[in-house]
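Structural description and commentary
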There are 2 protein chains.
Amino acid sequence: MAVNFFTKQSLIKVVFLGMISVVLLGTGNVAQHLFDAFEKSKHIQVKQVLGRSLKALDYFKEHTEISDNFDTILTADVYIVAISDDAINTVNQLLKNIDSLIVHTSGSVSIDQLNFKRTGVFYPLQTLSKGHRINFREVPICIEAKNGEDLELLHQIGSEISNKVLEVSSEQRLSLHVAAVLVNNFTNHLYHMANLICNEQKVPFSILEPLILETSAKISELSPYEAQTGPAKRSDNKTMQAHISLLQNPLHKEIYELISTSIKHTYGEKL
Amino acid sequence: MAVNFFTKQSLIKVVFLGMISVVLLGTGNVAQHLFDAFEKSKHIQVKQVLGRSLKALDYFKEHTEISDNFDTILTADVYIVAISDDAINTVNQLLKNIDSLIVHTSGSVSIDQLNFKRTGVFYPLQTLSKGHRINFREVPICIEAKNGEDLELLHQIGSEISNKVLEVSSEQRLSLHVAAVLVNNFTNHLYHMANLICNEQKVPFSILEPLILETSAKISELSPYEAQTGPAKRSDNKTMQAHISLLQNPLHKEIYELISTSIKHTYGEKL
């Protein structure tokens, strides 16, 4: 399939014939962040938020209709399903009478899990935590749809809240999700391991903050391949052994050895 | 030993009786960044830079004395040895006639590797790349010395170039070096793995940049333990299996499995 990155936006003249109405299904982090972003747009109206728990719907109730009864679902141009991956197939039953476009927001679920005539995906590639605000205009939104008009509609919606809307296939999206796990979930676990070391040595974890920020900032100037430094890259086995013997947790020792091996392999040492 | 973090600076009234003179040994990244930082200070004079290669000394020659002959070494208050870890013990011979304070800049070498009467450590905890400028005032500098007066002298020098000068023992420093490898070297390797995935899927790596920056920025608000998300944390084995089957490199598959196991273990799942 053809892929256009960061280009469509400038090529397509977005013509709004009116408001785009949206119904949100779900009340979690993604639903809340999307809702907040949509609230800032003049061309998107979130008509209703549906969820199983009235308590979780509290967040939205002063700004739009809420309901925990799926029989009361309103008519809208687009239905955005922002619920856990495992539950996405439940909407096939719940929304069976809906003719509008129905999209999910998951990184790892195929578009084919939605059994409707008009389906799509609207995946924000970012780590979204409750209570932690982000600039949504910088969040890449990966869109996919079964037909061109729906893709165009998703592009319009995406462009209302973000500067980075990309057409991405289900296969590409799953790969991006793996990449996101590496650079977010796994990186954060390395931070956690470092935090344990600092606690043990009674050194404040904040001492590592400049290094952590610089490591992430560097990728805008250098590829990670070029930016790599450290004992594994220069095959400094003496330092690596000293480091491994300092780590207490056997799993953490294994992680140190395995990533070091992978770095050495990347820079040419035969396994 | 007593440890004071971020406090000494405000407690000690720094009294300069004059310039502090410094001779730098080494011409690599650390030497260059330290030199540039010292150049901005009115109270530190780098009298000379010594190195084995005249070509590498080029960087300094317009601003100070340079020499590749250790017999021409000048007298100074402090000698800062910024050379590779393996070579640090060679200075025991080269500087044997020096009575001033001699310090190295390594994260992983003990203070006891320097066989002089007055020794110390001056370790900047940051990733320093040639040609990539950083704000040195934000770089934590870990200092250590055998006697109190020398520690005070290192504190004065450190405070001239950084807002964060910390007294850190050799044991603490080695632990911090392990932590630095985790959050810098290993994190960068995860970025590299993600970059390979993007290349394969013909998706620009820059799409991950907002996620990478947000992951590192989050630690100022949340501990890594609190910030953790993702399939491993919620023991979503289906997604993890889909991810592992997408990774091509056997080492990368192993890394995915091992870090996921460690995350699951962190959040209570028995091994």
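Values in this document were obtained by computation on a predicted structure and should not be read as measured data.

When we look at burial in helix H2 (residues 29-39) of chain A, the residues that qualify are Ala31(A), Gln32(A), His33(A), Leu34(A), Phe35(A), Ala37(A) and Phe38(A). On the buried face of H2(A), the contacting elements are strand S1 (20-25), strand S2 (44-50), strand S4 (78-81), strand S6 (119-124) and helix H5 (148-161) of chain A.

Another point: the interface of chain A and chain B. Facing 89 residues of chain A, the contacting portion of chain B comprises 89 residues. With both sides pooled, the region where chain A packs onto chain B buries about 8600 Å², and carbon together with sulfur makes up 70% of that total. Between the two partners, chain A and chain B, sit zero salt bridges. Viewed at the interface, chain B and chain A are joined by 23 residue pairs in polar contact (both at pLDDT 80 or more). Broken down by secondary-structure element, the contributors of at least two residues to the side of chain A that touches chain B are helix H6 (170-200), helix H7 (209-217), helix H8 (224-227), helix H9 (237-246) and helix H10 (250-266) of chain A. Broken down by element, the side of chain A that touches chain B gets its largest block of residues, 26 residues, from H6(A).

Turning our eyes to something else, we now look at the pairing of strand S7 (residues 141-145) of chain A. Residues and elements named next belong to chain A. Burial of S7 is extensive: five of the five residues sit out of reach of the surface. Both faces of S7 are covered, namely the face carrying Ile141, Ile143 and Ala145 and the face carrying Cys142 and Glu144. The sheet contact formed by S6 and S7 spans five bridges and is antiparallel. Bridge assignment links Val121 to a residue of S7, and that residue is Glu144. Strand direction decides the pairing type here: S7 and strand S8 (residues 165-167), joined by three bridges, are parallel.

This part takes up the relation of the copies chain A and chain B. Turning chain A through 180° and shifting it by 0.0 Å along the axis lays it on chain B, with an RMSD of 0.0 Å. Expressed as an axis order, the relation between the two copies is that of a two-fold axis. Considering only C-alpha atoms, the part of chain A nearest the rotation axis is Thr187(A), at 2.7 Å. By residue overlap, the copies meet face to face through one surface: 100% of the interface positions of chain A are interface positions in chain B.

On to the sheet that holds strand S2 (residues 44-50) of chain B. All names here are of chain B. In spatial order, the strands read S3-S2-S1-S4-S5-S6-S7-S8; together these eight strands make up an open sheet with mixed pairing. The two strands at the open ends of the sheet, each matched to only one other strand, are strand S3 (65-67) and strand S8 (165-167). Ignoring strand direction, the axes of neighbouring strands in this sheet form an average angle of 25°. Most of the contacts of helix H2 (residues 29-39) go to S2, to which it runs at about 150°, and overall it touches strand S1 (20-25), S2, strand S4 (78-81) and strand S6 (119-124). Across the sheet, helix H5 (residues 148-161) is in contact with S1, S2, S4, strand S5 (101-104), S6, strand S7 (141-145) and S8; its angle to S7 comes to roughly 165°.

Further remarks concern the sheet that holds S8(A). All names here are of chain A. Here we have eight strands laid out as an open sheet, ordered S3-S2-S1-S4-S5-S6-S7-S8, and mixed in their pairing. The two strands at the open ends of the sheet, each matched to only one other strand, are strand S3 (65-67) and S8. Across this sheet, the average inter-strand angle for adjacent strands is 25°, counted without regard to direction. Relative to strand S5 (residues 101-104), S4 runs parallel, the two being bridged by four bridges. The residue of S5 that forms the bridge with Val78 is Leu101. Helix-sheet contacts for H2 involve S1, S2, S4 and S6, and the interaxial angle to S2 is about 150°.

Here we take up the pattern of salt bridges. Taken as a whole, this structure holds 12 salt bridges over all chains when the rule is applied. Between Asp112(A) and Lys146(A) there is a salt bridge, and its shortest N-O distance comes to 3.0 Å. Taken together, the positions of Asp112(A) in the loop between S5 and S6 and Lys146(A) in the loop between S7 and H5 put the pair 34 residues apart, joining distant regions of the chain. Since its relative accessible area comes to 47%, Asp112(A) is described here as partly exposed. The salt bridge involving Glu138(B) is made with Lys164(B); its shortest N-O contact spans 3.5 Å. Within this pair, whereas Glu138(B) is found in the loop between S6 and S7, its partner Lys164(B) is found in the loop between H5 and S8, the two being separated by 26 residues in sequence. You can call Glu138(B) partly exposed: its relative accessible area is 36%.

Definitions and limits used
- Residues numbered from 1 in each chain as written.
- Chains lettered and ligands numbered in written order.
- Predicted model: local features only at pLDDT ≥ 70, side-chain atom pairs only at ≥ 80, totals over all residues.
- Heavy atoms only, no water.
- Buried < 20%, exposed > 50% of the residue type's maximum accessible area, 1.4 Å probe, protein only.
- Helix = DSSP H or I, 4+ residues; strand = E, 2+ residues; numbered from the N terminus.
- Contact = heavy atoms within 4.5 Å.
- Buried area = accessible area lost by both parts, 1.4 Å probe.
- Salt bridge = Lys/Arg side-chain N within 4 Å of Asp/Glu carboxyl O.
- Polar contact = N/O pair within 3.5 Å; in protein donor to acceptor, adjacent residues only side chain to side chain.
- Pairing = 2+ DSSP bridges.
- Least-squares fit on C-alpha atoms with pLDDT ≥ 70 in both.
- Axes fitted to C-alpha atoms, helices over the stretch in contact; angles between N-to-C directions.

Everything listed is a geometric property; what it means functionally is a separate question.
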